[in-house]
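Results of the structural survey
Okay, here's what each chain looks like letter by letter:
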Amino acid sequence: MLVGERMTPRPITVNEDTSLPEALELMRKEKIRRLPVLDKHGKLVGIVTELDLLRASPSPATTLSIYEIPYLLSKVKMRDIMTRDVITVTEDTPIEEAARIMADRKIGGLPVMRDDKLVGIITETDIFKLMLELFGARQSGIRITLSVPDEKGVLARVTGKIAEIGGNIISLGTAMGEDPTTSVLIMRVVDVSEEALVTALNGLGGGIKVTHSRTCTLPACPA
């Protein structure tokens, strides 16, 4: 899956001359937390976040009068507080690469570029929504977690057994195990009972072990 499939196209932007109060009002109105900044030619020159704007605002302990504050804030422009060295991605960037960049750089969003043109933005919220889909979190079924050896053919054995007992896998994810020799499989399975599924998978042996299972029926999903 690529960034272009999950980004928000035509993101809301501001220009370098937009004042701090205007940008903050726009964020609150549109329920967003970051704004790409464009110059008069429509070129991306920076980005501002809600935190940037709040940091640039006077502290509640300020000695400024209520008449001075609005005037001074109106003088603060995006060019004064924006981040100029903007980290960007392209539409054909793999979604996991965008997530890695955000995690490593501790940022919550990435403008998406096509050549020199801003065409979208991908945010941590988009990644969270994708995680819900990948783990089938909005679907009823049996959520089952297995510890498996990191060996060839293990996944085929697990999925083959589930098909053999009539189950249907609607989501599947993998993660690192407790040590380099093991992996974790997290699946959501339908069309089979939890008891039958757990019994069948534990019966595979060879280091394959069910570590957790639960039946989830939306909208209520027991822990």
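Our subject is the structure listed above.
Heads up: these notes are all about the structure in this document. As the structure is a computational prediction, the values presented were derived from the model and not from experiment. By convention here, each chain's residues receive numbers from 1 onward along its written sequence. Note on the predicted model: pLDDT of at least 70 is required for a residue's local features to be given, and 80 or more for side-chain atom pairs to be given and counted; whole-chain, interface and lining totals, by contrast, use all residues. Side-chain measures were taken over the full set of non-hydrogen atoms in the model, leaving aside hydrogen atoms and water.

**With respect to the pattern of salt bridges**
Side chains that differ in sign of charge can pair as their charged atoms come close. Put simply, the rule is: In the sections that follow, a salt bridge refers to a side-chain nitrogen of Lys or Arg positioned within 4 Å of a carboxyl oxygen of Asp or Glu. The helix count covers DSSP runs of H or I at least four residues long, the strand count covers runs of E at least two residues long, and both are numbered beginning at the N terminus. Classification of residues uses two cut-offs on accessible area relative to the type maximum, computed with a 1.4 Å probe and protein chains only: under 20% is buried, over 50% is exposed, and between them is partly exposed.
Applying the stated criterion across every chain, the model contains seven salt bridges. Of the charged contacts in the structure, one is a salt bridge between R33 and E124, with a shortest N-O distance of 2.9 Å. With R33 in the loop between α2 (20–30) and β3 (34–38) and E124 in helix α7 (residues 124–134), this residue pair connects regions lying 91 residues apart in the sequence. Under the relative-accessibility criterion, R33 is labelled partly exposed at 39%. In the salt-bridge network here, residues are joined through shared partners; they are E97, R100 and D104.

**What to know about the environment of E194**
Note the cut-off: Should any heavy atoms of two residues lie within 4.5 Å, those residues are considered in contact.
Here E194 lies in helix α9 (residues 194–202). Those residues in contact with E194 that sit more than four places away from it in its chain are I142, S213, R214 and T215.

**Quick look at the sheet that holds β3**
Short version of the rule: Should DSSP find at least two bridges between two strands, the strands are regarded as paired. Only the stretch in contact is used when a helix axis is fitted, and all axes are lines through C-alpha atoms; the angle between N-to-C directions ranges over 0 to 180 degrees.
Read from one edge of the open sheet, three strands run β2-β3-β4, paired in mixed fashion. Among the strands making up the open sheet, the edge pair consists of β2 (14–15) and β4 (44–49). Relative to β3, β2 runs parallel, the two sharing two bridges. Opposite N15, over in β3, you have L38 as the bridge partner. Across the sheet, α2 touches β2, β3 and β4, and the angle it forms with β3 is around 130°.

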